Amino acid sequence: MIAFPSERREEEKQENSNTLKTGLRFTKKEIKLLPVELRKYITVEIIIPVRQKPNGVYEARYRAHGINIYAAAADFDQLQPRFYKAMLNYAPRVAALDTQKEQDQARELPPFNAVCARWLELKAPTIKATTYKFYVQLFTASIYPVFNGRKVDDVKQSDVQKLINDYIDQGKYRTATKIYQALKAVFDFAVGDELLARSPMRLLRPPKYEERNGSAFSLEEERAFLEAVQGSKCAPEIKAALLFLLYTGIRRSELASAEIANGFVSVVCAKTRKGFAERRRLIPITPMLARWLPCVELDKLRALRPDALTQALKRLAPSHHLHDLRHTFITRCQECGVAREVVSVWAGHAADNTQTTKVYTHFSPEFMQREAQKVKY
């Protein structure tokens, strides 16, 4: 029977479809012709999966034992010889991987905790003291105990994933994220120092969670908070500090650098990165702050431990955090009609990313003090 062109095309389509299901087949005879480096891993007859992309190109890939061989062709009949050639070309890379593994096994690698400590030692000069202290606490409490006594090459992807999952299960998403970031940096350091060929973090993804951003006190909550502060048994300097934070919007870590002069409060911005010049920002004294200034003794406020303020706030306003005082100041300023760009300057934020605001806008002291008079409620 003679097959018409349309029928032949249908037969070819069906044949290709069946072939795609089975993939490229390499016989034992063909495998014996492969270089010895590949024959260590590919020892029996194999079928390489094939897929066809929307543009009609056929793709074949073999991925196992750290080997990743790929080939593509517009014509399906050309795919098998191309893939076989790709296998031959890949053999030297397999040999290099084997050599690296042998070298890693032959030399004595340091303990993982020692690599972490070395990374932290080299990181210290480039970060602020508070950041360094945070890393020390993180490693000491969450990482060192888990991997104590293990070599750097003995910590696998599954070990790190389990550690992260343990903190996620406890609802400690921020800690899980910080552990991921710290270990990724440590393993990248280990690869850079040629202690490892590849990082076990390369296929891990950071934990995802919705970060709590804090919230401003409502007017009713603010009034109740003021009454609670005045009626509390806290030390006078603690009371003054809480009100000072509420009516300046400064961060708790910025309190130690606070100064008052010429109708302004000035502080060193806590977000200044190490290696950059210290930057002081000005917050004009609003009518709300002016009421409480007589009870503010800056020397005593600057000497306070930030944690003492955090604990005091939690006792006086259990549903809020200390940083919510900053949210409250920024919110009240905008509610009182102060322009967002001006409030951003007081808060130490970038109003926007335009060249006009970042480089060419400089509000005069007189203008900022006039704006501050709006903050009265």
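That block above? That's the structure.
Residues numbered from 1 in each chain as written. Predicted model: local features only at pLDDT ≥ 70, side-chain atom pairs only at ≥ 80, totals over all residues. Heavy atoms only, no water.

Chemist: Could you give an account of the packing of helix H6 (residues 129–147) against helix H8 (residues 173–192), naming the residues involved and the relevant values?
Modeler: The N-to-C vectors of H6 and H8 enclose an angle of 85°; their axes lie 11 Å apart at closest approach. The pairing of H6 with H8 is recorded here as roughly perpendicular in orientation. Counted together, Phe134, Tyr135, Leu138, Phe139, Ser142, Ile143 and Phe147 of H6 and Arg174, Thr175, Lys178, Ile179, Ala182, Leu183 and Val186 of H8 form the full contact between these two elements. Of the residues in the contact of H6 with H8, the class split is 10 nonpolar, 2 polar and 2 charged. (Axes fitted to C-alpha atoms, helices over the stretch in contact; angles between N-to-C directions. Helix = DSSP H or I, 4+ residues; strand = E, 2+ residues; numbered from the N terminus. Parallel < 35°, antiparallel > 145°, perpendicular 65-115°, else oblique. Contact = heavy atoms within 4.5 Å. Nonpolar A, V, L, I, M, F, W, Y, C, P; charged D, E, K, R; others polar.)

Chemist: Tell me about the packing of helix H5 (residues 112–123) against H8, and name the residues and values.
Modeler: Helix-helix packing is described using two parameters, namely the angle between the two axes and the distance between the axes. At a minimum axis distance of 10 Å, the contact between H5 and H8 shows a crossing angle of 95°. On the basis of their axis angle, the class for H5 and H8 is roughly perpendicular. Facing Phe112, Val115, Cys116, Arg118, Trp119 and Leu122 of H5, the residues of H8 in contact are Leu183, Ala185, Val186, Phe187, Phe189 and Ala190. A breakdown of the residues in the contact of H5 with H8 according to their chemical character gives 11 nonpolar, no polar and 1 charged.

Chemist: Tell me about helix H7 (residues 157–169), and please be specific about residues and values.
Modeler: Since the α-helix packs 3.6 residues into each turn, any two residues three or four apart lie on the same face. Here H7 is 13 residues long and its end C-alpha atoms lie 18 Å apart, about the 18 Å a rise of 1.5 Å per residue gives. All of the buried residues along H7 are Val160, Leu163, Ile164 and Tyr167. Considered in projection along H7, the buried side chains sweep an arc of 90° and stay on one side of the axis. Those residues of H7 that are exposed and aimed more than 90 degrees away from the buried face are Ser158, Lys162 and Asp169. Buried residues along H7 sit in contact with H6 and H8. Where H7 ends, the next residue or the one after it, glycine 171, has phi of about 80°, a positive value. (Expected span 1.5 Å × (residues − 1). Buried < 20%, exposed > 50% of the residue type's maximum accessible area, 1.4 Å probe, protein only. Arc of directions from axis to C-beta.)

Chemist: Can you explain the nonpolar core? Please cite residues and give values.
Modeler: Residues Phe225, Leu242, Phe244, Leu309, Leu325 and Trp346 are the most contacted members of the largest nonpolar core, which totals 48 residues. When residues in this core are grouped by element, the largest group, 8 residues, is from helix H10 (residues 236–246). In this view, leucine 325 contacts Phe217, Phe225, Leu242, Leu245, Leu246 and Leu313; residues no more than four positions away in its chain are not counted. If you look at the next biggest cluster of nonpolar residues, it comprises 31 residues, including Trp119, Leu183, Phe187 and Leu196. (Core = buried A, V, L, I, M, F, W, Y, C linked by side-chain atoms within 4.5 Å.)

Chemist: Quick rundown of the sheet that holds strand S7 (residues 264–268)? Include the residues and the values.
Modeler: Spatial ordering of the open sheet is given by S6-S7-S8, a layout of 3 strands whose pairing is antiparallel. Looking at which strands have only one partner, the edges of the open sheet turn out to be strand S6 (259–261) and strand S8 (280–284). Direction aside, neighbouring strands of the sheet carry axes that sit 30° apart on average. Note that S7 and S8 share 5 bridges and pair antiparallel. Each bridged residue has a counterpart across the sheet, and for serine 266 the counterpart in S8 is leucine 282. Helix H17 (residues 365–372) rests against S7 and S8 of the sheet, and its axis sits at about 45° to S8. (Pairing = 2+ DSSP bridges.)

Chemist: Any chance you could break down unusual backbone geometry for me, citing the residues and the numbers?
Modeler: The backbone of glutamate 194 shows a phi angle near 60°, a positive value even though the residue is not glycine. Assignment of secondary structure puts glutamate 194 in the loop between H8 and helix H9 (219–231). According to the relative accessible area criterion, glutamate 194 is exposed, its value standing at 59%. Located in the positive-phi region is asparagine 262, a residue other than glycine, with phi close to 55°. Tracing the backbone through its elements, the reader meets asparagine 262 in the loop between S6 and S7.

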